[in-house]
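Summary of the model geometry
Residues per chain are reported as follows:
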Amino acid sequence: MTEQVILESPRTSAPERSSERNGWGAVLALALCVSTLIASEFMPVSILTPIASDLRLTEGAAGQAISVSGLFAVLTSLSISTMTRGIDRRTLLLSLTALMLVSGLLVAFAPNFAMLMAGRALLGVVIGGFWSMSAATVMRLVPGRQVPRALAMLNGGNAVATTVAAPLGSFLGQYIGWRGAFFLVVPLAVVTFAWQWLTLPSMPSEAAKEQRSALGVLRRPNARLGMAAVALLFAGQFALFTYLRPFLETVTRLDVSALSGVLLVMGIAGVIGTWLIGRMVAHRLSTPLILAPLALAAIACGLVALGSFAGPTTALLTLWGMIGTGAPVAWWTWVARRFPDDAESAGGLLVAVVQLAITLGAAGGGILFDAAGYRTTFLASAGLLGASALLAFSMPAPATLWRRN
């Protein structure tokens, strides 16, 4: 893989510098929105029991509050670029933020299962819409050379939210109940809406240009190869990551407090990893696309060999958190570079592929974990990750022609 990197001149005028600052303000507003969305998506994990008890549901039925948001995220990501053609992207992002507020209200005051599911379905629409448009929006907010850093900031918000969602939900649920925990989304949505209103510029949709649908992007050169590599990466990650807790409890024999500490360290490492990989992809995109899955495959094999030792296991999982959480930055940057004229459609396809890969990886890993134990599961994860690296290696790298938008 070879890459051509052409950086713009560092000389910028005062109006351009002011525009840059405004663009970064909008990126920060989007990062807050992403953090709120992801925290909302995974919060039910830690308060499933009180939700089920209050609404007189089984825990399995209450658990559908998580799966329904993922389903609607996939459906939205595949269709939003074509269904919203002609709508100013500023208006669309503000509308999605308003939907997040409505979702929080519906869930917090849900009197029954149907209302709970409706609120969670709306959340899935917002998640799919925001992530689908993230790369295309960032490309219009900041200069081209700063796109990887801005995408890393969005993924950093994702990493923070993923880290704190479960423990925060559990903590808040003890003191203000599960409804109060979900209601906190409402003031955060108001703040996010106001911030975006003040910072987002008008971004007219390119209605005059023929836009591909999300699935239509697959006809572009190397799109299928890249999406297959993404699918293998996320399927491999979640075939292992989903079953870390039983592995740490039964093999490494960590108690609950030690286990929580390891997961927290992984989350912090993930935030650092998004920053590091964001800087790396600005100079050479092919490196993290190939090396990240290879490193994760090596870590999976290391856990099989050293899983009974707490120290080495903690070190390996810290590296897993750093690399695994940061890896999506590279693929979002790949979308921005490979499909600059179809970034919304390609972003929607990427979101759908990632969501489906996570679902299949977690399901397949669970079947293997129950049938053959953690060793087979972790080695299968390593195989999927290795295949992802092989596909990434076989792709020609896009030329990087950074220019001011």
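Thresholds applied
Residues numbered from 1 in each chain as written. Predicted model: local features only at pLDDT ≥ 70, side-chain atom pairs only at ≥ 80, totals over all residues. Heavy atoms only, no water. UniProt positions renumbered as here; feature names shortened; annotations may be inferred. Helix = DSSP H or I, 4+ residues; strand = E, 2+ residues; numbered from the N terminus. Buried < 20%, exposed > 50% of the residue type's maximum accessible area, 1.4 Å probe, protein only. Areas by Shrake-Rupley, 256 points an atom, 1.4 Å probe, with all protein chains shown as cover. Salt bridge = Lys/Arg side-chain N within 4 Å of Asp/Glu carboxyl O. 1 Å grid on protein atoms, 1.4 Å probe; cavity = no way out; pocket = protein on both sides within 12 Å on 5 of 7 lines; lining within 4 Å. Points joined across faces, edges and corners; volume = space filled by probe spheres on them. Nonpolar A, V, L, I, M, F, W, Y, C, P; charged D, E, K, R; others polar. Core = buried A, V, L, I, M, F, W, Y, C linked by side-chain atoms within 4.5 Å. Contact = heavy atoms within 4.5 Å. Phe/Tyr/Trp six-rings, centres within 6.5 Å; stacked < 30°, edge-to-face > 60°. Axes fitted to C-alpha atoms, helices over the stretch in contact; angles between N-to-C directions. Left-handed = near helix turned anticlockwise from the far one by under 90°. Expected span 1.5 Å × (residues − 1). Arc of directions from axis to C-beta. pLDDT = per-residue confidence, 0-100. Polar contact = N/O pair within 3.5 Å; in protein donor to acceptor, adjacent residues only side chain to side chain. Parallel < 35°, antiparallel > 145°, perpendicular 65-115°, else oblique.

An unreviewed UniProt entry lists the protein under the name Putative MFS family arabinose efflux permease, with Bradyrhizobium elkanii given as the organism. Of the comments in the UniProt record for the protein, the one headed Subcellular location (unreviewed entry) reads "Cell membrane".

1. Focus: the overall build of the protein
Scanning the protein for helices and strands turns up 14 helices and two strands. Every one of the 405 residues in the protein was classed for burial, and the buried ones make up 53%. Only carbon and sulfur atoms are counted for the fraction: they give 68% of the accessible area of the protein, which is about 17,000 Å².

2. Re unusual backbone geometry
Positive phi, close to 60°, is recorded for R253, a residue that is not glycine. Within the secondary structure, R253 is located in the loop between α9 (244-250) and α10 (256-281). Among the residues examined, R253 registers a relative accessible area of 66% and is labelled exposed.

3. Let's talk about the pattern of salt bridges
On inspection of all chains with the given rule, the structure shows one salt bridge. Linking D54 and R179 is a salt bridge whose minimum nitrogen-to-oxygen distance equals 3.0 Å. Note that D54 is positioned in helix α2 (residues 48-54) and R179 in helix α6 (residues 147-183), a separation of 125 residues in sequence. D54 gets classed as partly exposed once you look at its relative accessible area, which sits at 37%. Exposure remark for R179: the relative accessible area of 26% places this residue in the partly exposed category.

4. Re empty space enclosed by the protein
As enumerated under the stated definition, the model contains two cavities of 30 Å³ or more in all. As for the largest cavity, its lining consists of L30, V34, L93, F130, W131, M133, S134, T137 and L154. No other element matches the five residues that helix α5 (residues 113-141) contributes to the lining of the largest cavity. Split into classes, the residues belonging to the lining of the largest cavity amount to seven nonpolar, two polar and no charged. Approximately 50 Å³ is the volume attributed to the second largest cavity.

5. Overview of the nonpolar core
In terms of nonpolar packing, the biggest core is built from 96 residues, with W331 and W334 touching the most fellow members. A total of twelve residues in this core trace back to one element, the largest contributor, which is helix α12 (residues 310-338). Ignoring any residue separated from it by four or fewer positions in sequence, one finds W331 in contact with G226, A229, V230, L233, L289, L350, A392 and M395. In terms of nonpolar packing, the next biggest core, distinct from the first, is built from 18 residues, M43, V107, A108 and L172 among them.

6. Structural notes on the packing of aromatic side chains
Tallying each qualifying case throughout the model produces eleven aromatic pairs. Here the aromatic rings of Y243 and F369 are separated by 5.5 Å at their centres, their planes lie at 20°, and the arrangement is stacked. One end of the pair, Y243, is in the loop between α8 (223-241) and α9; the other, F369, is in helix α13 (residues 343-372), with 126 residues separating them in the sequence. Taking the relative accessible area as the measure of exposure, Y243 reaches 17% and is therefore buried. With 5.2 Å between their ring centres and 75° between their planes, W331 and W334 make a pair best called edge-to-face. With W331 and W334 both in helix α12 and three residues apart, the pair spans about one turn of that helix.

7. A few points about the packing of α8 against α13
Two elements in contact, α8 and α13, have axes separated by 7 Å at closest approach and are oriented at 35°. Read as a crossing pair, α8 and α13 show a hand that is right-handed. From α8, M227, V230, A231, F234, A235, F238 and A239 reach across to α13, where they touch A346, L349, L350, V353, V354, A357, I358, G361, A362 and G365. Among the residues making up the contact of α8 with α13, the classes are represented as 15 nonpolar, two polar and no charged.

8. Brief notes about helix α14 (residues 374-394)
Helix length check: α14 (21 residues) gives 30 Å between terminal C-alpha atoms against 30 Å at 1.5 Å per residue, within 8%. Every buried residue of α14 is accounted for by Y374, T377, F378, S381, A382, L385, S388, A389 and A392. Relative to the axis of α14, the buried residues are bounded by an arc of 140° and lie together on one face. In this fold, the buried residues of α14 make contact with α8, α9, α11 (286-306), α12 and α13.

9. So, α13
The end-to-end C-alpha distance of α13 is 41 Å, a good match for the 44 Å that 30 residues give at a rise of 1.5 Å each. A positive phi of about 95° marks G373, the residue just after α13.

10. A look at the confidence of the model for the protein
When pLDDT is averaged across the protein, the result is 81; 86% of the residues are at 70 or more. Here residues 2-18 is modelled with pLDDT under 50, and outside its nearest four sequence neighbours on either side it reaches 28 contacts, counting other chains as well. Scored below 50 in pLDDT, residues 400-405 makes 28 contacts in the model with residues more than four places away or belonging to other chains.

11. What about the side chain of T84?
Tracing the backbone shows T84 in the loop between α3 (59-83) and α4 (89-108). Of the polar contacts made by the side chain of T84, one reaches the backbone oxygen of I80; its length is 2.5 Å. Setting aside residues up to four positions removed in sequence, T84 forms contacts with R89 and L92.

12. Topic: the packing of α12 against α13
Packing of α12 against α13 brings their axes to within 9 Å, and their N-to-C directions diverge by 150°. Compared by their axis directions, α12 and α13 come out roughly antiparallel. Two packed elements cross with a definite hand, and for α12 against α13 that hand is right-handed. Touching W331, W332 and V335 of α12 are A343, A346, G347, L350 and V351, all from α13. Of the residues contributing to the contact of α12 with α13, the split by class is seven nonpolar, one polar and no charged.

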